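Observations on the model geometry
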Amino acid sequence: MTISRLSAKLSTDVWVVDNRSVDGSVDMVQSRFPWVHVVANEDNVGFAVANNQAIAQCQGRHVLLLNPDTV
């Protein structure tokens, strides 16, 4: 089941913070997942700062953080 099917029954925000990747990740996320909010940093600010950037934008009561190596 995809996240979009799961979130159809919930009120959710999905945020991706990109720390200046050079592999086209931002464009891919924006084109394949238009419902995802993307923060494209001009510098690699680190994992903790990136998390805080997304958390500051969230409107929900709960936040789930996923590490880049989460499978």
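In this text the structure is predicted, and so the values were computed from the model without any measurement.

Let's shift gears to the overall build of the protein. For the protein, the count of helices and strands is 3 helices and 2 strands. For the protein, the sequential pattern of α-helices and β-strands runs α-β-α-β-α. When each of the 71 residues of the protein is scored for burial, the buried share is 14%. Considering only residue pairs separated by 6 or more positions, the protein has 38% of its internal contacts joining residues 24 or more positions apart. Accessible surface, the protein: about 5900 Å² in total, of which carbon and sulfur atoms supply 53%.

The subject of this paragraph is helix H3 (residues 47–57). Among all positions of H3, only Ala 50, Asn 51 and Ala 54 are buried. What you see down the axis of H3 is that its buried residues fit within an arc of 100°, all on one side. Of the residues in H3, the exposed ones pointing more than 90 degrees away from the buried face are Asn 52 and Ala 56. The elements touched by buried residues of H3 are strand E1 (15–19).

Counted under the stated rule, the structure contains 1 aromatic pair. When the ring of Phe 33 is compared with that of Trp 35, the centres are 6.2 Å apart and the planes differ by 85°; the resulting orientation is edge-to-face. A relative accessible area of 30% means that Phe 33 is categorised as partly exposed. A residue is classified by how much of its surface remains accessible, and Trp 35, at 36% relative accessible area, is partly exposed.

With respect to the helices and strands, Ser 25 occurs in helix H2 (residues 25–32). For Ser 25, a relative accessible area of 23% gives the class partly exposed. Between the C-alpha atom of Ser 25 and that of Ala 40, which follows or precedes it by 15 residues, the distance is 9.7 Å.

What follows covers the pairing of strand E2 (residues 37–41). In this structure, E1 lies alongside E2, joined through 5 bridges in parallel fashion. Counterpart to Trp 15 in the pairing with E2 is His 37. Regarding the hand of the β-α-β motif, the stretch spanning E1, H2 and E2 is right-handed.

Rules used in this analysis
- Residues numbered from 1 in each chain as written.
- Predicted model: local features only at pLDDT ≥ 70, side-chain atom pairs only at ≥ 80, totals over all residues.
- Heavy atoms only, no water.
- Helix = DSSP H or I, 4+ residues; strand = E, 2+ residues; numbered from the N terminus.
- Buried < 20%, exposed > 50% of the residue type's maximum accessible area, 1.4 Å probe, protein only.
- Contact = heavy atoms within 4.5 Å.
- Areas by Shrake-Rupley, 256 points an atom, 1.4 Å probe, with all protein chains shown as cover.
- Arc of directions from axis to C-beta.
- Phe/Tyr/Trp six-rings, centres within 6.5 Å; stacked < 30°, edge-to-face > 60°.
- Pairing = 2+ DSSP bridges.
- Right-handed = clockwise from strand over helix to strand, strands pointing away.

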